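A structural walkthrough
For reference, the chains in residue letters:
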Amino acid sequence: MASICVLLILTVTIMSIGSAKTGDFSTVHCQKETLGQYGGQSLLECVVKTPPDTEIDSFTWKKDSRTLLSVTDRVTTVQAPGYLFVTPSSWNGTNMTVSLRIINTEVEHEGLYEVMVLTDRGVCKDSTTLHATAKYMKPTIHSNPEAMNLTCKSDGGYPEGTLRWFGGNEELTASQMKASQGENGLFQLSSTLSLREGSSVSTYTCRVFNASGGREQETLFPVPDPKTAEKVEGERRKELDPPTKVVAPVVVIGSLIVGLLIAVMLYIRRSQTARRQSTAPLTGGRSEAKEYNGALYTV
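An account of the accompanying structure is given in this report. No experiment lies behind these values; they were computed from the predicted model shown.

**Quick notes on the sheet that holds strand β15 (residues 162-167)**
Read from one edge of the open sheet, 4 strands run β16-β15-β19-β20, paired in antiparallel fashion. In the strand order of this sheet, the two ends are held by β16 (170-172) and β20 (215-222), each with one partner. This sheet shows a mean twist of 30 degrees between the axes of neighbouring strands, independent of strand direction. Bridge analysis of strand β19 (residues 203-209) against β20 gives 7 bridges, and the strand direction is antiparallel. Its bridge partner lying in β20, phenylalanine 209 is registered against arginine 215.

**Some points on the packing of aromatic side chains**
One pass over the full model with this rule turns up 3 aromatic pairs. Where tyrosine 158 meets phenylalanine 187, the ring centres are 6.0 Å apart and the plane angle is 25 degrees; that geometry is what we call stacked. Of the two residues, tyrosine 158 is situated in the loop between β14 (149-157) and β15 and phenylalanine 187 in strand β18 (residues 187-194); the sequence distance between them amounts to 29 residues. Both residues of the pair, tyrosine 158 and phenylalanine 187, belong to the buried class.

**Topic: the nonpolar core**
The biggest cluster of nonpolar side chains holds 23 residues, and the ones touching the most others in it are Val28, Phe59, Trp61, Tyr113 and Val115. Of all the elements in the fold, those that place two or more residues in this core are β1 (27-30), β4 (46-49), β5 (56-63), β6 (66-72), β8 (83-85), β10 (100-102), β11 (111-119) and β12 (122-133). Within the second largest apolar cluster, 19 residues are counted, among which are Ile141, Cys152, Phe187 and Val201.

**Comments concerning the sheet that holds strand β3 (residues 42-44)**
Pairing is antiparallel across the open sheet formed by 3 strands, whose spatial order is β3-β10-β8. One side of each edge strand has no neighbouring strand; the edge strands of this open sheet are β3 and β8. Going across the sheet, the axis of each strand differs from the next one's by a mean of 25 degrees, ignoring polarity. Relative to β10, β3 runs antiparallel, the two sharing 3 bridges.

**So, the environment of aspartate 73**
Inspection of the secondary structure assignment puts aspartate 73 in the loop between β6 and β7 (75-78). You can call aspartate 73 exposed: its relative accessible area is 63%. In this structure, the C-alpha to C-alpha distance between aspartate 73 and isoleucine 56, residues 17 residues apart in sequence, is 8.3 Å.

Cut-offs and rules
Residues numbered from 1 in each chain as written. Predicted model: local features only at pLDDT ≥ 70, side-chain atom pairs only at ≥ 80, totals over all residues. Heavy atoms only, no water. Pairing = 2+ DSSP bridges. Helix = DSSP H or I, 4+ residues; strand = E, 2+ residues; numbered from the N terminus. Axes fitted to C-alpha atoms, helices over the stretch in contact; angles between N-to-C directions. Phe/Tyr/Trp six-rings, centres within 6.5 Å; stacked < 30°, edge-to-face > 60°. Buried < 20%, exposed > 50% of the residue type's maximum accessible area, 1.4 Å probe, protein only. Core = buried A, V, L, I, M, F, W, Y, C linked by side-chain atoms within 4.5 Å.

Structure (structure tokens):
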């Protein structure tokens, strides 16, 4: 097939030189760069311009030498999932759209795409580049009072962006900045800011910027006022004090109840002892048992 394409190109070249006319060639023009939003559809626009009485036999879309889809005699063959051919309204005009649609744009779709059009007069081709982009999520700020620092995180963006700290209108220098990619190709950003003791900054701001330097999202972190913090701590201690004040009376009352129970038990025991002593024999003489007329008497 490649030799036939070359022969057709040579034939068209010789005919064009002999006729010395312009417009005898078929050409395809693609938008050189396309920006695709992650998770959305992306359209790679290309238009074929042909001279009169020219028939388009087929065209093919490729990425990295891999065939994505082809159209022959108006029949579309998709060889890679996630791609669609944008059907033109008519095949008869001198201008015909051969655009490619990506259904669900991901980071892996980035790269160079090539379309090759075969007509009855030769072969023409062009290329376009797709750039994927994804917006970063609103940053989150975590405070670590022991380490005297703030950590800001933002993820879900592409390409690699940056996190920047501000104290009022002044930009601050972060001590650490990390960026890592997940399996989906999106970036997770993390930045740590060391706090200066005695700083007059009342609010810290963490902002996320995309790869082009555009600001996307920001989060504010107000520094607690020392007087307010002291007041909050005082209220917290007051909340903890009532249980302590309640426990002391309970202990005292409990002790009284236990003492009363012990006194009652001692009183009962003494009463029982006194009762036994009152029922004992008053004489301490020796008793003798005698039998009289078959009956036993104690004397």
